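Residues per chain are reported as follows:
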Amino acid sequence: MAVGKEIRGKIKSFENTKKITKAMEMVSASKMRKAQDRMRAARPYADKIRNITANLSQANPEYKSPYMRQGDESKVTGFVVVTTDKGLCGGLNTNVLRAVTNKMRDVQAAGGKSQAVAIGNKGFGFLNRLGAPVISHVTQLGDTPVLEKLIGPVKVMLDAFVEGKVDAVYLCYTKFINTMKQEPMVEQLLPLTAERLEQTAAEKVQHGWDYVYEPDAASVIDDLLTRYIEALVYQAVAENMASEQSARMVAMKAATENAGTLIADLKLVYNKTRQAAITTELSEIVSGAAAISG
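Residues numbered from 1 in each chain as written. Predicted model: local features only at pLDDT ≥ 70, side-chain atom pairs only at ≥ 80, totals over all residues. Heavy atoms only, no water.

This part is about the sheet that holds strand 2 (residues 113–119). A sheet is described by the order of its strands in space; here five strands give the open sequence 3-2-1-4-5, paired in mixed fashion. Of all strands in the sheet, those bounded by a partner on one side alone are strand 3 (134–138) and strand 5 (181–190). In this sheet, adjacent strand axes meet at a mean angle of 20 degrees when their direction is disregarded. Here strand 2 runs beside strand 3; their pairing, made up of four bridges, is parallel. Looking at the pairing, Ala116 lines up with Val134 of strand 3. Together, strand 1 (76–82), strand 2, strand 4 (168–178) and strand 5 form the strand contacts of helix 2 (residues 92–109), whose direction differs from that of strand 1 by roughly 180 degrees. (Pairing = 2+ DSSP bridges. Helix = DSSP H or I, 4+ residues; strand = E, 2+ residues; numbered from the N terminus. Axes fitted to C-alpha atoms, helices over the stretch in contact; angles between N-to-C directions. Contact = heavy atoms within 4.5 Å.)

Written out as structure tokens, the structure is:
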């Protein structure tokens, strides 16, 4: 029964795969909860620094930060692309990289050029294959984002914008909606718009203080805006990591279920093959006995 032996080998292989995908599903579920907690914990800081920055920029209208400089046209557009370091997370990276590619094509069609900062191994490899200039990158962030690792690569893009080498910067990442849904985002990071720094009436009352600037308004506002932009990038990385673990958990759950279905189908085929072989052997025995007795 060479065919039966081959089928048994396939069943064993799929059973081993099922054990691996089930284990990965359980690990991703555990990491997903921790990633969601980190993502939610980062939101209050980003909201607080946004309110303070918005109030400071409005309280000192005679100074306008270079981060809020509006260019006439975007000749050079920068992209901060946030992806994962590992795979096996469904279409998570594919969706955000498709959105980045479409935006780069729009920039190219308008006569502009693109350059990128890659956060994550998958995006870094994709941008290199695409031929897009990568001015800085960071990979192997692990399961916990660390701001110190992100500041260096992002500062390269911020300095290029302040110096006028880049006219606009977009932040590309995957936003966590819920466990079953993650949405690719391409948001304008620089120049900072009034809508991003807009405050509600309650926030204006809460943060409507008078400020004394030390050493001067320009230094304070620029440093705060830098911290705010770093907070936005950190929040995007935290959102992307929560999305990664959710997508991987769902993908591994689907892989485990598919492996179970294949095992059931192969067992059915194996049983049918085995039964057919037994029937054939019985028929040969009966035929042989009849020939001898006849």
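One way to put it is that helix 4 (residues 147–162) packs onto helix 6 (residues 217–293) with a least axis distance of 10 Å and a crossing angle of 120 degrees. It follows from the interaxial angle that helix 4 and helix 6 lie oblique. Where helix 4 crosses over helix 6, the two elements pack in a sense that is right-handed. Across the interface between the two elements, Leu147, Leu150, Ile151, Val154 and Leu158 of helix 4 pack against Thr226, Ile229, Glu230, Val233, Tyr234 and Val237 of helix 6. Taken together, the residues that form the contact of helix 4 with helix 6 break down as nine nonpolar, one polar and one charged. (Parallel < 35°, antiparallel > 145°, perpendicular 65-115°, else oblique. Left-handed = near helix turned anticlockwise from the far one by under 90°. Nonpolar A, V, L, I, M, F, W, Y, C, P; charged D, E, K, R; others polar.)

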